[in-house]
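An overview of the molecular structure
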Amino acid sequence: MTQLDDNNIPAPCSSGDGLEIKDHFELFHTEPYQDLFEYKRQFEGAHSAEAVAEAAEWTKSWEYREKNFAREALTINPAKACQPLGALFVAAGFEDTLPYSHGSQGCVAYFRSHLTRNYKEPFQAVSSSMTEDAAVFGGLNNLKQGLENAHSLYQPKMIALCTTCMAEVIGDDLGAFITTSKQEAHIPEDLPVPYAHTPSFVGSHITGYDGMLKSIVTTLGKGKKTDTTNGKFNFNLGFDPYIGNTRELKRILSLFGIDYTILSDNSDAFDSPNTGEFKMYNGLTTLEDAGDSVNAEGSFFFQKYSTPKTQDLFAKEYQQPTYNFRPFGIKGTDEFLMNLSSITGKPIPKELQEERGRAVDAITDSQAWLHGKRVALYGDPDHVITLVNFLLEVGAEPVHIVVTNSNDQFEAELREILTASPYGQEATVWGKKDLWHLRSLMFTEPVDLLIGNSYGKYLWRDTGVAFVRIGYPIFDRHHMHRYATLGYNGAINLLNWIVNTILEELDRKTIVPSKTDISFDLVR
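This text gives an overview of the structure that appears in the document.

Parameters at a glance
- Residues numbered from 1 in each chain as written.
- Predicted model: local features only at pLDDT ≥ 70, side-chain atom pairs only at ≥ 80, totals over all residues.
- Heavy atoms only, no water.
- Helix = DSSP H or I, 4+ residues; strand = E, 2+ residues; numbered from the N terminus.
- Rg over C-alpha atoms; globule rule 2.2 N^0.38 Å.
- Buried < 20%, exposed > 50% of the residue type's maximum accessible area, 1.4 Å probe, protein only.
- Contact = heavy atoms within 4.5 Å.
- Areas by Shrake-Rupley, 256 points an atom, 1.4 Å probe, with all protein chains shown as cover.
- Lys, Arg positive; Asp, Glu negative; His and termini not counted.
- Charge placed at Lys NZ, Arg CZ, Asp CG, Glu CD.
- Core = buried A, V, L, I, M, F, W, Y, C linked by side-chain atoms within 4.5 Å.
- Expected span 1.5 Å × (residues − 1).
- Pairing = 2+ DSSP bridges.
- Axes fitted to C-alpha atoms, helices over the stretch in contact; angles between N-to-C directions.
- 1 Å grid on protein atoms, 1.4 Å probe; cavity = no way out; pocket = protein on both sides within 12 Å on 5 of 7 lines; lining within 4 Å.
- Points joined across faces, edges and corners; volume = space filled by probe spheres on them.
- Nonpolar A, V, L, I, M, F, W, Y, C, P; charged D, E, K, R; others polar.
- Phe/Tyr/Trp six-rings, centres within 6.5 Å; stacked < 30°, edge-to-face > 60°.
- Right-handed = clockwise from strand over helix to strand, strands pointing away.
- Salt bridge = Lys/Arg side-chain N within 4 Å of Asp/Glu carboxyl O.
- Polar contact = N/O pair within 3.5 Å; in protein donor to acceptor, adjacent residues only side chain to side chain.

1. Some remarks on the overall build of the protein chain
Broken down by element type, the protein chain carries 21 helices and 13 strands. In terms of overall size, the protein chain behaves like a compact globule, its C-alpha atoms giving a radius of gyration of 26 Å where 524 residues would be expected to give roughly 24 Å. With the C-alpha coordinates aligned to their principal axes, the bounding extent of the protein chain is approximately 80 × 60 × 50 Å. Counting all 524 residues of the protein chain, 52% fall into the buried class. Within the protein chain, residue pairs in contact and separated by at least 24 positions form 74% of the contacts whose partners lie at least 6 positions apart. Here the protein chain displays about 25,000 Å² of accessible surface, and carbon together with sulfur accounts for 52% of that area. Charge separation in the protein chain, taken as the distance between the mean sites of 47 positive and 69 negative side-chain charges, equals 3 Å.

Shown next, in the form of structure tokens:
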């Protein structure tokens, strides 16, 4: 590449008659763009390729790992999102409910795009559109106008209101603002407006999920508590990105013949049918059922660490028994079904017993490829426990476990699980760490497999470790959210994703003719 100057700046353009249109995967590799990138590097005074390569190599060392783990004031690629995302996510599961973000327009646009990119579905949410004046004088006027416009235009049965950083920093009082809005007739007095304070600078998306769910139940259940139960059971899956799990759970409960309420059924909200007609609201949990949930026989929660406040509400305020199960993998599903049978007095359906046999058979078929594989993984607390349990079940060895939104209780439970298994003896739990920490761990103590959301692809690129996409978000693959990971059928899906990733990686490593292809086998 020759030295470039201001009089010789390359201009990227198509060749020929100007009608050629290239995909960006091809376009940016063409010579005009490559010349432009080189000019940019010269203009910025970038380091040489050799210096960059030398620094990159150093970041793989133990010396760099020690410096990396010594940092305190910087987070690089945390394995979590912020509170409002969880609040908007849970609100979408209720009938005719409009998620509302009290803050700037850019914040709600980010959350909408985040969910849309994962589910490939349009996500409806509105904002107070706060700007500089609201940041100084408060967002009351924005909220009053916003609530009035939202109700008038979109006719929701409920508006679920959460905050962003701007509203929290200036101390906006949502409870008082909502009361004022109703008193001044901006919205009807009887319109339910549950709210949660969700500052992004503390907690994570699971904190926002819990705060909003608690507020929705409290708001809709006000004055509904009776002396008798309604004969139903409540079920909540937590911040579970797999809408296939909600549908699988409903199928299981139907096989049992159990009368139930799913607290936040957003399966259609994130996987609605294309009928040619736009439907604004697709939440399936009716407001009536949500309000009556306070009279249930009991409540089941599948994510212990995503719903502590909501569980406490049901246990203390509504005097309900609450149950924590993780019906994933063979053991987790066994425990859930046996306890569900004991609690409800209903036998385990034969169909589920047969599904168990198929899942056990599938694991038996693939277990040899999984046994002893060293695994790095990351995600939310309950998500990670679920994966660890499954990995231990198939004889894989979790080694590096990163949970950015960790807590002491979770870490104690996870270490107990690992200690009890011969396959968990080398595991290390890294709470409050991020994916740049995980990169150091994977270079200094290599593993065979990485499991996590789409952000792990940068670790895959750097380390070359086989990568299984499980979790949220998954932006760079399609339709993963439609599958179930719950129950025996979900166990087969988890097994399928993991073992076939291992086999694909094995093919890639045995593909060189007359050198490595002696093991390029047709039958695996």
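2. Quick word on the nonpolar core
Ranked by internal contacts, the top residues of the largest apolar core, which has 60 residues, are F235, I401, I451 and I498. Take this core: its biggest share by element is eight residues, from helix α21 (residues 487-509). Residues within four places of I451 in sequence aside, it is in contact with V375, A376, L377, Y378, L387, L391, V468, I470 and I498.

3. Examining helix α2 (residues 31-44)
A rise of 1.5 Å per residue sets the reference length of α2, with its 14 residues, at 20 Å; its end C-alpha atoms lie 20 Å apart and thus fit the reference within 8%. For α2, every residue scored as buried is listed here: Y33, D35, E38 and Y39. Positive phi appears at G45, one or two residues downstream of α2, with a value of about 65°.

4. A short note on the sheet that holds strand β8 (residues 322-324)
With parallel pairing, four strands are arranged side by side in an open sheet as β6-β5-β7-β8. The strands lining the two open edges of the sheet, one partner per strand, are β6 (260-262) and β8. Going from strand to strand, the sheet's axes swing by 20° on average, the running direction of each strand aside. As judged from the three bridges shared by strand β7 (residues 298-301) and β8, these two strands associate in the parallel manner.

5. Some points on empty space enclosed by the protein
Inspection of the entire model under this criterion finds two cavities of 30 Å³ or more. Size it by volume and the largest cavity reaches roughly 60 Å³. Along the walls of the largest cavity sit F89, Y209, N236, L237, G238, D240, T246, L263, S264 and N266, which together make up its complete lining. Considering only residue class, the lining of the largest cavity consists of four nonpolar, five polar and one charged.

6. Structural notes on the packing of aromatic side chains
Aromatic ring pairs are reported here in terms of the distance separating the ring centres and the angle at which the planes meet. Within the structure shown, the criterion is met by 28 aromatic pairs. For the pair F89 and Y209, a centre-to-centre distance of 6.3 Å together with 40° between the ring planes defines the contact as tilted. Taken together, the residues span a long stretch of sequence, with F89 in helix α5 (residues 83-91) and Y209 in helix α11 (residues 205-221) at a distance of 120 residues. The residues F89 and Y209 share a single accessibility class, namely buried. Each member of the aromatic cluster is reached from another via a ring pair, and the members are F89, Y119, F123, Y209, F239, F270 and Y472.

7. Digging into unusual backbone geometry
The step from Y472 to P473 runs through a cis peptide bond, and the omega angle for that step is 0°. One non-glycine residue, K120, lies in positive phi territory at about 55°. Following the sequence through the fold, K120 ends up in the loop between α6 (105-119) and β2 (126-127).

8. As for the sheet that holds β2
Pairing within the open sheet is parallel, and its four strands lie in the order β2-β1-β3-β4. Each of the sheet's edge strands pairs with one partner strand only, and the pair in question is β2 and β4 (195-196). Here strand β1 (residues 97-102) runs beside strand β3 (residues 158-163); their pairing, made up of six bridges, is parallel. Across the sheet, H102 pairs through a bridge with T163, a residue of β3. Relative to the sheet, α11 contacts β3 and β4, its axis offset from that of β3 by approximately 145°.

9. Observations regarding the pairing of strand β5 (residues 233-236)
Neither face of β5 is open: one carries F233 and F235, the other N234 and N236, and all of them are buried. Direction of pairing for β5 relative to β6: parallel, over a ladder of three bridges. Bridge pairing links F233 to Y260 in β6. Taken together, β5, helix α12 (residues 243-256) and β6 constitute a β-α-β crossover, and its handedness is right-handed. Of the pairings in the sheet, the one linking β5 to β7 comprises four bridges and is parallel in character. Of the residues in β7, the one forming a bridge with F233 is G298.

10. Some words on the pattern of salt bridges
Enumeration according to the criterion identifies 33 salt bridges in this entry. As a salt-bridge pair, R247 and D271 come within 2.6 Å of each other at their nearest N and O atoms. Remark: D271 occurs in the loop between β6 and α13 (287-292) and R247 occurs in helix α12; sequence separation between them is 24 residues. With relative accessibility at 32%, the residue R247 sits in the partly exposed group.

11. Some words on α11
Taking 1.5 Å per residue as the helical rise, α11 with its 17 residues ought to reach 24 Å, and the 24 Å between its terminal C-alpha atoms agrees with that figure. For α11, a buried count of 12 out of 17 residues is recorded, marking the element as mostly surrounded by other parts of the structure. For α11, the complete set of buried residues consists of H205, I206, G208, Y209, D210, M212, L213, S215, I216, V217, L220 and G221. Immediately downstream of α11, the backbone of G223 shows phi near 75°, a positive value.

12. Some remarks on the environment of T510
By secondary structure assignment, the location of T510 is in the segment after α21. Among the residues examined, T510 registers a relative accessible area of 6% and is labelled buried. Spatially, the C-alpha atoms of T510 and D521 are 8.7 Å apart, while their sequence positions differ by 11 residues. The residues touching T510, leaving out its near neighbours within four places in the chain, are T516, D517, S519, F520 and R524. Polar side-chain contacts of T510 include one of 3.5 Å to the side chain of R524.

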